[in-house]
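# Architecture at a glance
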Amino acid sequence: MPVTLATIKDMLDNKVGEDIMVVAQAGRKKITKRHGRLHKTYPAVFVVDLDQDENSFERVSYSYTDILTKNITIDFGEETA
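We now turn to the structure provided with this report.

About the thresholds
Residues numbered from 1 in each chain as written. Predicted model: local features only at pLDDT ≥ 70, side-chain atom pairs only at ≥ 80, totals over all residues. Heavy atoms only, no water. Phe/Tyr/Trp six-rings, centres within 6.5 Å; stacked < 30°, edge-to-face > 60°. Helix = DSSP H or I, 4+ residues; strand = E, 2+ residues; numbered from the N terminus. Lys NZ or Arg CZ within 6 Å of the ring centre and 35° of its normal. Salt bridge = Lys/Arg side-chain N within 4 Å of Asp/Glu carboxyl O. Buried < 20%, exposed > 50% of the residue type's maximum accessible area, 1.4 Å probe, protein only. Pairing = 2+ DSSP bridges.

Bringing the packing of aromatic side chains into the picture now. Following the criterion strictly, the structure yields two aromatic pairs and no others. Taking the centre distance of 5.8 Å and the plane angle of 25° together, the rings of F46 and Y64 count as stacked. Here F46 is found in strand β3 (residues 45-50), whereas its partner Y64 is found in helix α2 (residues 64-68), with 18 residues between them in sequence. Ring-pair connections join several aromatic residues into one group, and the members of that group are F46, Y62 and Y64. The ring of F76 carries K15 above its face, with NZ or CZ at 5.3 Å from the centroid.

Here you go:
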């Protein structure tokens, strides 16, 4: 389990281009699940290209801090962060 922002970024750098599912807290007792492909990583955020069949917008970005604080979880199929 990643414990620093640097290890989270390194893990995502190695997964660019792979399919991803992001589960995010959307308020009180609500979660959103978004499927897409990890597009690019930046120093503070990463960008996911969303499946157009399920979503009304193309891309969404998340902070590495969101993973660290468990506001979101990500799943590449074989592992969860």
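We now examine the pattern of salt bridges. Using the criterion set out here, one finds three salt bridges in the structure. Between D19 and R37 there is a salt bridge, and its shortest N-O distance comes to 3.1 Å. Remark: R37 occurs in strand β2 (residues 31-41) and D19 occurs in strand β1 (residues 19-25); sequence separation between them is 18 residues. The exposure class of R37 is partly exposed, given its relative accessible area of 43%. Taking the shortest distance from any N to any O, the salt bridge between R59 and D49 comes out at 2.6 Å. You can see R59 sitting in strand β4 (residues 59-63) and its partner D49 sitting in strand β3, a full ten residues away along the chain. Judged by its relative accessible area of 24%, D49 is partly exposed.

The next subject is the pairing of β3. As defined by bridge partners, β2 adjoins β3 across five bridges and the pair is classed as antiparallel. Looking across to β3, one finds that R37 is bridged to D49. In this structure, the hairpin formed by β2 and β3 is closed by a connection of three residues. Bridging between β3 and β4 involves five bridges; their strand directions are antiparallel. Residue pairing for β4: V45 is matched across the bridge by S63.

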